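Inside the fold
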Amino acid sequence: AKIGDAAITNAKIGDAAITTLKIGENQVTVPSATSADGDVTTYWQDTSTGAKSNSLTVLSLTYTSSGQPVTISFTCNDIILQTTSYFSPTQSYIRLYADLYRGTSLIKSYQVAYVTKTYEENYTRYWEYKFRTGVFTYLDNNTTTGSRTYEVKFRLVAGSRVFGDTFGVRDPTLLALEVKR
């Protein structure tokens, strides 16, 4: 039977041959993704003495959003943190953060490494570091449409007696995956 126009609330169809199927807006999930990666080591070095807070842009990506939530994932193989300073808990603290930005707005900060102590034996200086994972995932519930830029910056925060600092990252990857909630 051929039906010209019908309003059907519920149907069970075993096999269907459809020429044109029209589905209402936002009724089907079609994820979109954009990624950026680096294959070289990115370093930043400071040889000055004194309190500091310096940052290094690791990766950024831009894509066009349809206004759905976006999952941002960052990974890297290695985090590098070195210093030639002698450690004092009040003056020589060193902390390394991975900061996530949407445009110019900081939306999340993750502490990824820090120096716990230094010591000296036979005129040789040693440092003990604690590293957290170089991976994070963040769900951005911003619903604005249009172009968005996400950026990951590594930020070194150090005390007044810190000098000769080097920090960086190897093989970073940044992924933005927009999905319907």
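Up top is the structure these notes are about.
The notes below deal with the structure included here. What you see is a predicted model, and the numbers here were worked out from it, not measured in a lab.

Here we take up the overall build of the chain. Within the chain, the regular secondary structure consists of 0 helices and 12 strands. Each helix (α) and strand (β) of the chain, taken in turn from the N terminus, gives the series β-β-β-β-β-β-β-β-β-β-β-β. The burial tally for the chain puts 35% of its 181 residues in the buried class. Put simply, of all contacts in the chain between residues at least 6 apart along the chain, 80% involve residues at least 24 apart. As presented, the chain carries roughly 11,300 Å² of accessible surface, and 47% of it is formed by carbon and sulfur atoms.

Our focus in this paragraph is the pattern of salt bridges. Two side chains with opposite charge may pair up if their charged atoms get near one another. On inspection of all chains with the given rule, the structure shows 4 salt bridges. For arginine 148, the salt bridge is made with aspartate 140, and the minimal N-O distance between the two is 4.0 Å. We note that arginine 148, like aspartate 140, is buried. Across the pair glutamate 151 and lysine 153 runs a salt bridge whose closest N-O atoms are separated by 3.8 Å. Each member of the pair, glutamate 151 together with lysine 153, is buried. When salt bridges that share partners are traced, they join Arg102, Asp140 and Arg148 into one network.

Moving on, we get to the packing of aromatic side chains. One pass over the full model with this rule turns up 4 aromatic pairs. Relative to phenylalanine 136, the ring of phenylalanine 74 lies with its centre 5.5 Å away and its plane at 25°, an arrangement referred to as stacked. Taken together, the residues phenylalanine 74 in strand β4 (residues 70-75) and phenylalanine 136 in strand β9 (residues 136-140) connect sequence positions 62 residues apart. Directly above the aromatic system of tyrosine 101 lies the positively charged group of lysine 153, at a separation of 4.9 Å from the ring centroid. When the ring centre of tyrosine 97 is taken as reference, the NZ or CZ atom of arginine 155 above it lies at 4.5 Å.

Another aspect to go through is a nonpolar patch on the surface. Together, Ile18, Leu21 and Ile23 give the surface a local cluster of nonpolar side chains, amounting to about 330 Å² of exposed area. Counting through the fold element by element, isoleucine 18 comes out in the segment before β1 (32-37).

Let us look at the nonpolar core. Residues Phe74, Leu96, Tyr150 and Phe154 are the most contacted members of the largest nonpolar core, which totals 28 residues. Breaking this core down by element, the ones donating at least two residues are β3 (52-65), β4, β6 (94-102), β7 (105-121), β10 (146-158), β11 (165-170) and β12 (173-178). Looking at this core, the element that brings in the most residues is β3, giving 5 residues.

Conventions adopted
- Residues numbered from 1 in each chain as written.
- Predicted model: local features only at pLDDT ≥ 70, side-chain atom pairs only at ≥ 80, totals over all residues.
- Heavy atoms only, no water.
- Helix = DSSP H or I, 4+ residues; strand = E, 2+ residues; numbered from the N terminus.
- Buried < 20%, exposed > 50% of the residue type's maximum accessible area, 1.4 Å probe, protein only.
- Contact = heavy atoms within 4.5 Å.
- Areas by Shrake-Rupley, 256 points an atom, 1.4 Å probe, with all protein chains shown as cover.
- Salt bridge = Lys/Arg side-chain N within 4 Å of Asp/Glu carboxyl O.
- Phe/Tyr/Trp six-rings, centres within 6.5 Å; stacked < 30°, edge-to-face > 60°.
- Lys NZ or Arg CZ within 6 Å of the ring centre and 35° of its normal.
- Patch = residues over 30% accessible without salt bridge, like charges linked within 9 Å, V, L, I, M, F, W, Y side chains within 5 Å.
- Core = buried A, V, L, I, M, F, W, Y, C linked by side-chain atoms within 4.5 Å.

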